[in-house]
Amino acid sequence: MRMQRSPELTAVLGLITCICVFHTTTAIDIPLEVLSHINIEQLPTITAQSPSSLIAFPFDESFPMTCEAKGNPEPEFRWTKNGQEFDPSLDPRLMKEENSGTFVIPNNGNLTEYQGTYRCYVSNKLGTAISKEIEFIVPHVPKFPKETLDPVVVEEGQPFTLKCNPPKGIPPLQIYWMTINLQHIEQDERVSMGLNGDLYFSHAVEKDSRRDYCCFAAFPRIRTIVQKTAMSVIVQTKKSDMSPESANAILERKPSLLTPSTATSETQLVKGEDLKLECIAEGFPTPQVEWVKIGHQLPIKAKVENHGKLLLVPRVEQEDSGKYMCKAKNGLGEAVHYFTLKVEEPPEWVIEPESQLSMIGSDVLIKCSASGTPQPTITWRVNGELLQGAPAPNRKVFDDTIVLRNAKASDSAVYQCEASNKHGTLLSNANIMIMNLSPMILTKEGEDYSAVEGNGVMMHCNVFSSPPSTITWSKDDSSESVEGPRLTIHDNGSLEIYSVEKDDTGQYTCLAKNTEGSSAVDAMLYVKDPTRIVVAQEDLQILIGTTAQLSCLAEYDKSFSNDFELLWEKDDMKIALNNTENSRYFVEDGILQIINVSHRDQGVYTCVARTPVDRDTASALLMVLDVPDAPEYLVLSEHKSKSVKLKWIPGDDHNSSTTEFIIEYEESQWEPGNWKELLRVPGNHNSAVLKLHGHVDYRFRVSGLNAVGRGLPSEPTERYKTPPAAPDKNPENIKIEGHLPHEMDINWEPLLPIEHNGPGLEYKVSYRRQDVEEDWKEHMVKRHSFVVKNTPTFMPYEIKIQARNHQGWGPEPKIVTGYSGEDFPSAAPEDVAVEGLNSSVVKVSWTRVHKDKLHGHLGGYRINWWRLRSLVASKKSHGDKHTLTFPGDQSHATVPGLTPFSEYSLIVMTFNGRGNGPGSHPLNFKTPEGVPEKNPVFRVTDVQKHTVSLVWAPPLEPNGILTGYLLEYQLINDTEEVGPLQTVDISNPDTTKWNLRDLEPVSKYKFYLRSCTTVGCGPVVSEECTTTLETSLASIHGGISTQGWFIGLMCAIALLTLIVLIACFVNRNKGGKYSVKEKEDLHPDVESQGMNDDTFCEYSDNDEKPLKGSQHSLSREIKAGDSGDSLVDYGDEDVQFNEDGSFIGEYAGRKEKRVSAEIKATIQTPA
């Protein structure tokens, strides 16, 4: 019933409320900084105490009763046990600590005398604090009573229960039903254990008869398991003379509940405990149990266990309260039970009393309230005594509030509030200090704060005073208090600035003021640029054994150059970088290198960019790729004569899915130790049926394959030897060949040793003529070849080969067809004809040779041809023979690569496996004219200021009747533009020299020459040359240089020069060495100097030669001419000479010294 408040109480509470608005309470804990300046007395405060329940487990060495406290003056400690004074120092067995209330109970004797409820009291002259009640529990060793149990005799089909009745002990309690051999009693819908540990049987069956039903009770906290005396059960079966229908009529019955035994029951639980409701029924057929909550759905967290007989609702709440029903039913009826659940709660603080520091003369309120079911009882104490035992005139109690009016320093005390109901007790100590003190700022003067732009910052101003101080903050010597939406002054005096800006940089002042005085401190705020990771590593897959590189690049405020750190973490653990030889981690320029990556390197790597004020992080997943681990636990099953099933557990695929499993086998007879592949299965399979051969001692292994490669194989299985069997297959790849006309060679691929399937393998070779009515001829052989002799030439045969061993014959063999030995073809192709396709290609046709004349398998046809002569010359010369082979049944073919304007002869023949047949009658034919080959020689023989002389040799293969030459030239000075192409059509095929006139002096020209027939002109040859600056003397006298008298004169001069040289040589031998070279260096020849200014012409037979050529010295041209321009060379090239010897004279003129001259040519005349 709620108590009515009087007007006087209302007024007092209103006054107290007003006081509280202006004087907020603070914690009573006085900082050490204050105590170092002034000596302030402080109420005792308990800082550590033992839990409310202390159990003396037998395996612990000792049991501390903890009670630690602080205060000024130093507090004193005392204890009570079961409400009576208890002094630990009077018991020599207890260990006591100095300046502490803690004492230790050693585990070296009888502990039961210390069992009880303890409480610690901590006092100084200001007051007393008390601890919670601490219960010291000495558990006894639980034991089942020694007893003799009579056998449980039950009729088949009737229910029965085996009682456990476990002893009391420290929870939790775990119960097991097992046999003497520690085999669990199987539980199901018919047999189950209840929450009380009893074993219930819905109906008895014959197999329930046994003599070793044992109940085991386990107490994990004291590490103890105890066993009840074994129980016997005897199930009396029905008489055998009863019909099955009668027996069933007796057994079948509707359900009834074995537990609970009443129709209704009530359960009370404390909030947070687990609800366990059970219904175990008997009947036949075995009843099924259903659960419902009356008027509601079952809680979502509810679970049904123990084959439907147990309803479990973990951590019940108030809303789980209500009525529940279980229903056990079978085909004959049902049984129900109703449970009423009430959920109660232990005490829980609504308002826990707080320690207060209040000024003298103020009114102090101490509030304490708690909730719970049932409603907790509140008990007040002061300094450990009930309020009734320590009256005070200015203290009033109103419901859950104590009021101290006009408090004095002597009112300082420790108040205790205790809230209790049947489910527990709460105790709280509140230190009430009454004193006046001017502000003391505990934060250091001149603190520097650094904040990142955009982040927040907290600048502290820790003040201790009574009454509480008013805190204001100002900036940069301003008298105005800082304010704004981004600024907050907290109750503890700290100034918080949200989303700091650059303009917030400056000096801040904290001012604390109360009725007793004021105090201030300064602080400096610096705003920094944020730290950001601008290049972060993405997730990475790396192959094992390689080097992984993880990149990280960050930006930060430059003022932190000496304080910036770039760190790496793996799975939130810092990576140690010791830079030793054994270290696999190296960091350089923000790149983390991991050498020789292994599986343990896989994980999440985090780059941490850190300054003293902020940090940024970026993470990446490193996945290590490797071949799959070896499969494990290989098991062979389903053993059959020619197959077995293999199962395995795949190994780790190391981040690359297994695509295939490779199954290998090894056998011990033919190739022991040699593993061979047997089968491949997809990577998502873990078993395979293996087809095997007979009479083989197998063992198997499996390896995985992924994108990285093939992993190591598994350990091999045990051996499995298959029994002998007849062969599964016959020989394959049967080849029938005839190396001689009257023999037939039969060869085949023998069965592998593993395919023998047993000992005694041999082959039966059967053959007969095809299309002839005759019996099979059979031969047994052990090798893999057989020769049939005295066969007609090239006749078809049917052949089959069958394998056999001691166990029997292989499958029926397939019949293959082959032919006996071949002989040479006896006929040549007829009606051979040639059709010209162009000047170098002809089509040859013929009539096929009849198959009766082939005497073997047709291989194809061959064409042999040779060149008889060129039609340009009348002389015949038998050329090299050429052959082309055309496989298959052909009647025509194309022969390429012929020389135009020539006469040829050819023959055609057929061939088979034995060789060539006779050739056809030779057929002569002629190829039409074509274009000539390119000219083998094309040179510039004389270069002047305005003229150039060109000489050439006719083509070696004119491929027809030469009709003349096509000469073209153009100006190609060293510019991108070229002059127009000039053309000279030379109609005389005997012309081999041409003079070009009216050319530009000191200009580069390119000349092109092609030989022509009536069909067209052949490939081009080209030449480049640069005209000279002046006309040489050789050119002036060029006209007479070809006259006979001039040649004679030159020969006489040469002879005279030779005689002079011989005389000089003889004279030199007599008078010492004479250096001609030195003489020439001292007296250079004027004409020789002129030669050095001359240019030369380059020869090219390449149509693709660049227009711009390079110039060379004349001396190199003369040396080249010594070997390249000899008459012998021209003779070899079949060069045409004019009857007047003009070419010879011009060639000789090239050997003479000449002075360079400019040439210009616009008019062309033959030489």
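In short, a report on the structure. On a predicted model such as this, the values are computed, not experimentally measured, just so you know. (Residues numbered from 1 in each chain as written. Predicted model: local features only at pLDDT ≥ 70, side-chain atom pairs only at ≥ 80, totals over all residues. Heavy atoms only, no water.)

## With respect to the overall build of the protein
Secondary structure assignment for the protein yields 10 helices and 87 strands. Residue burial in the protein is summarised as follows: out of 1167 residues, 42% are buried. Counted over contacts in the protein with a minimum sequence separation of 6, partners at least 24 positions apart contribute 66%. If you sum the accessible surface of the protein, you get close to 62,700 Å²; carbon and sulfur atoms cover 50% of it. (Helix = DSSP H or I, 4+ residues; strand = E, 2+ residues; numbered from the N terminus. Buried < 20%, exposed > 50% of the residue type's maximum accessible area, 1.4 Å probe, protein only. Contact = heavy atoms within 4.5 Å. Areas by Shrake-Rupley, 256 points an atom, 1.4 Å probe, with all protein chains shown as cover.)

## A word on the nonpolar core
Met65, Trp79, Phe103, Ile105, Tyr118 and Phe136 are the most contacted members of the largest nonpolar core, which has 32 residues in total. Put simply, the parts of the chain that give this core at least two residues each are strand S1 (42-49), strand S3 (62-65), strand S4 (67-72), strand S8 (103-106), strand S9 (116-124), strand S11 (134-137) and strand S38 (437-441). Per element, the largest residue contribution to this core is 3 residues, and it comes from S9. The contact partners of phenylalanine 136, leaving out residues within four places of it in the chain, are Leu54, Ala56, Phe63, Met65, Ile105, Leu111, Tyr114, Gln115, Gly116 and Tyr118. Core analysis: the next-biggest nonpolar cluster, separate from the first, contains 24 residues, Phe144, Ile185, Phe201 and Cys215 among them. (Core = buried A, V, L, I, M, F, W, Y, C linked by side-chain atoms within 4.5 Å.)

## Quick word on the pattern of salt bridges
A full pass over the atoms with the stated rule returns 47 salt bridges. Residue arginine 768 is joined to glutamate 798 by a salt bridge in which the shortest nitrogen-to-oxygen separation is 2.9 Å. Of this pair, arginine 768 sits in strand S66 (residues 762-769) while glutamate 798 sits in strand S69 (residues 796-805), and the two are 30 residues apart along the sequence. Assessed through its relative accessible area of 23%, arginine 768 is described here as partly exposed. Relative accessible area serves as the criterion here: at 16%, glutamate 798 is assigned to the buried category. (Salt bridge = Lys/Arg side-chain N within 4 Å of Asp/Glu carboxyl O.)

## Topic: the sheet that holds strand S60 (residues 676-682)
Pairing within the open sheet is antiparallel, and its 4 strands lie in the order S60-S59-S62-S63. The sheet is open, and its two edges are formed by S60 and strand S63 (720-721), each paired on a single side. Across 6 bridges, the pairing between strand S59 (residues 660-667) and S60 is antiparallel. Counted as the bridge partner of glutamate 664 is glutamate 677 from S60. (Pairing = 2+ DSSP bridges.)

## Notes on the side chain of arginine 867
Tracing the chain through its elements places arginine 867 in strand S74 (residues 860-870). Engagement of the side chain of arginine 867 in a polar contact is seen with the side chain of glutamate 957, the distance being 3.3 Å. Among residues more than four places away in sequence, those in contact with arginine 867 are Ser877, His878, Gly879, Asp880, Thr899, Ser902, Glu903, Tyr904 and Glu957. (Polar contact = N/O pair within 3.5 Å; in protein donor to acceptor, adjacent residues only side chain to side chain.)

## Let's talk about the pairing of strand S79 (residues 938-943)
A large share of S79 lies buried, amounting to 5 of its 6 residues. Here S79 runs beside strand S80 (residues 948-952); their pairing, made up of 5 bridges, is antiparallel. If you follow aspartate 942 over to S80, its bridge partner there is serine 949. Connecting the antiparallel pair S79 and S80 is a turn made up of 4 residues.

## Things to note about the environment of lysine 309
Here lysine 309 lies in the loop between strand S25 (303-305) and strand S26 (310-313). Between the C-alpha atom of lysine 309 and that of serine 192, which follows or precedes it by 117 residues, the distance is 8.6 Å. Excluding residues within four positions of it along the chain, lysine 309 makes contact with Asp188, Glu189, Arg190, Val191, Ser192, Leu277, Glu278, Cys279, Ile280, Val289 and Trp291. A polar side-chain atom of lysine 309 sits 3.4 Å from the main-chain carbonyl oxygen of aspartate 188.

## A look at the pairing of strand S36 (residues 413-421)
The buried count for S36 comes to 8 of 9 residues, which makes it a mostly enclosed element. By the bridge criterion, 6 bridges tie strand S32 (residues 377-382) to S36 in an arrangement that is antiparallel. Paired with threonine 379 across the strands is glutamate 418, a residue of S36. The pairing of S36 with strand S37 (residues 424-434) spans 9 bridges and is antiparallel. When the sheet's bridge partners are listed, glutamine 416 is paired in S37 with asparagine 429. Hairpin geometry of S36 and S37 is characterised by an intervening segment of 2 residues between the two adjacent antiparallel strands.

## A look at a nonpolar patch on the surface
Together, Leu1055, Leu1058, Ile1059, Ile1062, Phe1065 and Val1066 make up an exposed nonpolar region whose accessible area comes to about 590 Å². Along the polypeptide, phenylalanine 1065 turns up in helix H5 (residues 1044-1071). (Patch = residues over 30% accessible without salt bridge, like charges linked within 9 Å, V, L, I, M, F, W, Y side chains within 5 Å.)

## Considering the packing of aromatic side chains
In this structure the tally under the stated criterion is 23 aromatic pairs. Residues phenylalanine 86 and phenylalanine 103 carry aromatic rings whose centres are separated by 5.9 Å and whose planes lie at 50° to one another, so their mutual orientation is tilted. With phenylalanine 86 in strand S6 (residues 84-86) and phenylalanine 103 in strand S8, this pair connects stretches of sequence that are 17 residues apart. Judged by relative accessible area, which is 0%, phenylalanine 103 ranks as buried. (Phe/Tyr/Trp six-rings, centres within 6.5 Å; stacked < 30°, edge-to-face > 60°.)

## Some remarks on unusual backbone geometry
In this structure, the amide linkage connecting phenylalanine 284 to the following residue, proline 285, adopts the cis form with an omega of 0°. Tracing the backbone shows proline 285 in the loop between strand S23 (280-284) and strand S24 (288-293). A positive phi angle, close to 50°, is found at asparagine 99, a residue other than glycine. Checked against the element boundaries, asparagine 99 lands in the loop between strand S7 (95-96) and S8. One non-glycine residue, asparagine 733, lies in the positive phi region at around 55°.

## Side note on the state of the cysteines
Within the structure shown, the criterion is met by 7 disulfides. Covalently, cysteine 67 is tied to cysteine 120 through a disulfide, its sulfur atoms 2.0 Å apart. Because the sign of the S-S torsion sets the handedness, a value of about -75° for the bond joining cysteine 67 and cysteine 120 places this disulfide among the left-handed ones. With a gap of 53 residues between them, cysteine 67 in strand S4 and cysteine 120 in strand S9 connect regions that are remote in the sequence. In this pair, the class of cysteine 67 matches that of cysteine 120, namely buried. Between cysteine 279 and cysteine 326 runs a disulfide, and the two sulfur atoms are separated by 1.8 Å. The sign of the S-S torsion, about -80°, decides the handedness of the disulfide formed by cysteine 279 and cysteine 326: left-handed. Of this pair, cysteine 279 sits in the loop between strand S22 (275-278) and S23 while cysteine 326 sits in strand S27 (residues 322-330), placing them 47 residues apart in sequence. Across the pair, exposure class does not vary: cysteine 279 and cysteine 326 are buried alike. Free cysteine cysteine 214: the closest other cysteine sulfur is in cysteine 215, separated by 8.9 Å. The exposure class of cysteine 214 is buried, given its relative accessible area of 0%. (Disulfide = S-S within 2.5 Å.)

Don't take any of this as a statement about function, it's just geometry.
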